[in-house]
Amino acid sequence: MARRSVLPAAALAITTWLTPPSFAQEVGTAPEPATAGTAQTALKLQEALTSYVTALPFDKKILRVEPDPAGHRITLDPAAYLVELSGTSIKFAPISIVVSERTDGSWNVFTQSPVEFSTDFELEGHKQHSEYKQDSLLFKGIYSPEIASFLSAASRTGTISSESSDGLSSSTAGIFATTMTMTSSPAGTRLADIAFSQTYDAFAQSASVHIPDGSDEYPLAMSADMRAEEISAKVDVKAAHTRAVLDLYTLLLKHIEELDADANAALRGPLGAELKTKIRAILPLWTDLQGEAHARDASIDIGYGRMQAKTLRQTMRASGISTNASLDVDLALDGLTLDIPQLPAWRAGFIPDLVELGFAVSGADLATASDILLREIQLGNDPALSPAAEEKILGVLAVDRIRSQLKPSRFRSRDLELSFSGDTSFVGGLPQSNMTITTPGLDKAIATLQEAAKTDPSLDQAVGALAMAKGLSKPGPNGGLEWLVVASRDGSVSVNGAMMKGPDVPPVLDDEQDPGIENPAVEVPRDEPDVEEPAAEEEL
């Protein structure tokens, strides 16, 4: 059994528990057939694991490795050590995972040990309780040491329940079932393309807070209930530097005692140079990362009102650490309803049933900034960067390069619909913004507010504002209205060419004031000619 391949395989096998998995569709119910382990091969695997978790877990009987008919069984059993360490009541069901090496150097990984733990202790006179339980768990995957990722993995977790309470708050949560799948493939030397998906079925959580008399000016009681029929997430990563990240972790763990004893002294030595080399190796982290999350039939009830949505969606895309780093985020909410009795009836016409928002930022030269940082930084010194190095980095990250974009977005309610998009640049360090806003019309919104103003005169101002906006508009698509709003670098603002605010005017300087002084001393008033003050009136 090669030590080189055992190390990352064992490390990722353990993280399979510590981040409780939830992968799944067709999950096998038994480990892959393999040659039975022996006491000698189990000892080799334990030695390999020591490089990742130190000898402490084995010395304290937290971890053990034993032969298994399907390879080797690694068992995590931390309850006794945690009780000894904390002096409190802690229960933690042992978790076992079976691993075996395949002929191609990858590893079979299997577990059917659900995660279950609870704690009870007292803090400042209040009893604290927390509990987490998985009714069942099946996980099966193939792990590749070459790319430090699972080539394939699937699992299913049965009902998950959790609860926590203290003297002031309590929370309970449950998920009917959780499934997850994962695939990875080599994308170059020590790199991986990774696809990950996860789904929660029937999520529910309730939380409450109660602050009694005496702990504040007034007693406080709040509660919230959240539910969703389904929550799902997907992540796709291209050319992820998975193996380099594992190597960085290994280096830090190898030198953990030195870093604990005197971090600055350790970093000033050869470790500092090696650490910078390992950090360089993980860059640019990935070439592209895309993720999305969905929630279906979601609701939240906060006591005085309820909000429901048919679908919630978020998508995100991020470049790696590049010379033109970028981030895109899109949010969408559909089928929104609000049930809040305190809201006046007219507001129902302006509660959106559809919201779509998109933002993008690009232009940041994170690659050059990172290169300068790693080249110039003196680990263990104070300061670690010279003023000249800091100036270089700030110059590279100057806002002149940044471009912020409001992607085509939309707000739709019964009485008002708006679409908008725009962008902002920072050439010369000053913002220049352009935004285009369109609507099918404002007549319905104005009519609703006019009717409501009959009983609430304060709404007359809103009616006037919409009427003014309509007057400033120009014909838009499909017979609607359109506004082009420009906020210039000189501080001026125009709407469809009409100046709404003039350029910022520099302050007028006194003849004797140096124009190069941005914050002059307190101005002394000029001498004024004597003026005879009127006699004070007698008090009545």
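Just so it is clear, the model here is predicted, and its values are computed rather than measured.

Which parts of the structure should I look at to understand the overall build of the protein?
Each helix and strand counted, the protein has 11 helices and 25 strands in total. Sequence-distant contacts in the protein: of pairs separated by 6 or more residues, those separated by 24 or more amount to 61%. Surface summary for the protein: the accessible area is close to 31,400 Å², and the carbon and sulfur share equals 57%.

For this particular structure, what's the right way to read the side chain of serine 171?
Along the polypeptide, serine 171 turns up in strand β11 (residues 169-186). When its relative accessible area of 16% is taken as the criterion, serine 171 is described as buried. Filtering out sequence-adjacent residues up to four positions away, serine 171 remains in contact with Ser162, Glu163, Ser164, Gln205, Ser206 and Ala207.

When you look at the nonpolar core in this model, what are you seeing that I'm missing?
By size, the foremost hydrophobic cluster in this structure holds 28 residues, and its most contacted members are Val65, Ile74, Val99, Val109 and Phe150. Ranked by size, the runner-up nonpolar core spans 11 residues in total, among them Phe350, Leu449, Leu466 and Val495.

What's the story with a negative patch on the surface in this structure? I'm lost.
On the surface, Glu116, Asp120, Glu131, Asp135 and Glu163 cluster together into a negatively charged patch. Within the fold, glutamate 131 resides in strand β7 (residues 126-134).

Would you mind going over unusual backbone geometry with me for this structure?
Peptide bonds are trans in most cases, and residues, glycine excluded, mostly fall at negative phi. At the junction of leucine 283 and proline 284, the peptide bond is cis and its omega measures out at 10 degrees in the coordinates. Examined against the element boundaries, proline 284 turns out to sit in the loop between α7 (270-282) and β14 (288-301). Here the bond from aspartate 382 into proline 383 is cis, since omega is 5 degrees, no more than 30 degrees from zero. Relative to the elements of secondary structure, proline 383 occurs in the loop between α8 (366-376) and α9 (387-396). Positive phi, close to 55 degrees, is recorded for asparagine 478, a residue that is not glycine.

Sorry if this is basic, but what is going on with the environment of phenylalanine 350 here?
Within the element layout of this structure, phenylalanine 350 appears in the loop between β17 (337-339) and β18 (354-364). In this structure phenylalanine 350 comes out as buried when scored by relative accessible area, which is 18%. Put simply, phenylalanine 350 and phenylalanine 411 are 61 residues apart on the chain and 9.7 Å apart in space, counted from C-alpha to C-alpha. In this structure phenylalanine 350 touches Phe411, Ser413, Asp415, Leu416, Ala445, Thr448 and Leu449, once residues within four positions along its chain are discounted.

Help me out: how do you make sense of the pattern of salt bridges in this one?
Applying the stated criterion across every chain, the model contains 24 salt bridges. Where aspartate 423 meets arginine 403, a salt bridge forms, and the shortest distance between an N and an O atom there is 3.8 Å. One end of the pair, aspartate 423, is in strand β20 (residues 417-425); the other, arginine 403, is in strand β19 (residues 403-412), and 20 residues separate them in sequence. A relative accessible area of 25% means that aspartate 423 is categorised as partly exposed. With relative accessibility at 39%, the residue arginine 403 sits in the partly exposed group. Residue lysine 501 is joined to aspartate 504 by a salt bridge in which the shortest nitrogen-to-oxygen separation is 2.7 Å.

I keep staring at a nonpolar patch on the surface and nothing clicks. Help me out?
Judged by side-chain polarity, Val209, Leu220 and Met222 come together as a nonpolar surface patch covering roughly 240 Å² of accessible area. In this structure, valine 209 sits in strand β12 (residues 192-211). Among the residues examined, valine 209 registers a relative accessible area of 34% and is labelled partly exposed.

Would you mind going over the packing of aromatic side chains with me for this structure?
Aromatic ring pairs are reported here in terms of the distance separating the ring centres and the angle at which the planes meet. On inspection of all chains with the given rule, the structure shows 6 aromatic pairs. Plain terms: the ring middles of phenylalanine 92 and phenylalanine 117 are 5.8 Å apart, the flat faces sit at 15 degrees to each other, and that makes the pair stacked. You can see phenylalanine 92 sitting in strand β3 (residues 89-92) and its partner phenylalanine 117 sitting in strand β6 (residues 116-123), a full 25 residues away along the chain. Its relative accessible area of 19% is what places phenylalanine 92 among the buried residues. Ring geometry for phenylalanine 139 and phenylalanine 150: centres 5.5 Å apart, planes at 75 degrees, overall edge-to-face. Residue phenylalanine 139 is found in strand β8 (residues 137-144), and its partner phenylalanine 150 is found in strand β9 (residues 149-157); the two are separated by 11 residues along the sequence.

Would you take a moment to explain the pairing of β6 for this structure?
In regular strands, side chains alternate between the two faces of the sheet. Where β3 lies against β6, 4 bridges are found, and the strand directions are antiparallel. Looking at the pairing, isoleucine 90 lines up with threonine 119 of β6. Both β6 and β7 contribute to a ladder of 8 bridges, which runs antiparallel. Across the sheet, the residue bridging to aspartate 120 is histidine 129, located in β7. Hairpin connection from β6 to β7: 2 residues lie between these consecutive antiparallel strands, with glutamate 124 at a positive phi of about 50 degrees.

How should α9 be read in this particular structure?
Along α9, the residues that are buried comprise Ala389, Ile393 and Val396. Down the axis of α9, the smallest arc covering the buried residues is 65 degrees, so these residues share one side. For α9, the exposed residues set more than 90 degrees away from the buried face come down to Pro387, Glu391, Leu394 and Gly395.

Quick question: what am I supposed to make of the environment of threonine 436 here?
By the element assignment, threonine 436 lies in strand β21 (residues 432-439). Judged by relative accessible area, which is 28%, threonine 436 ranks as partly exposed. Taking the C-alpha atoms as reference points, threonine 436 and valine 486, 50 residues apart in sequence, are found 8.8 Å from one another. In contact with threonine 436, other than residues within four places in its own chain, are Ser419, Phe420, Ser421, Glu482, Trp483 and Leu484.

Conventions we followed
Residues numbered from 1 in each chain as written. Predicted model: local features only at pLDDT ≥ 70, side-chain atom pairs only at ≥ 80, totals over all residues. Heavy atoms only, no water. Helix = DSSP H or I, 4+ residues; strand = E, 2+ residues; numbered from the N terminus. Contact = heavy atoms within 4.5 Å. Areas by Shrake-Rupley, 256 points an atom, 1.4 Å probe, with all protein chains shown as cover. Buried < 20%, exposed > 50% of the residue type's maximum accessible area, 1.4 Å probe, protein only. Core = buried A, V, L, I, M, F, W, Y, C linked by side-chain atoms within 4.5 Å. Patch = residues over 30% accessible without salt bridge, like charges linked within 9 Å, V, L, I, M, F, W, Y side chains within 5 Å. Salt bridge = Lys/Arg side-chain N within 4 Å of Asp/Glu carboxyl O. Lys, Arg positive; Asp, Glu negative; His and termini not counted. Charge placed at Lys NZ, Arg CZ, Asp CG, Glu CD. Phe/Tyr/Trp six-rings, centres within 6.5 Å; stacked < 30°, edge-to-face > 60°. Pairing = 2+ DSSP bridges. Arc of directions from axis to C-beta.

In short, the description is geometric, and any link to function would need to be established separately.
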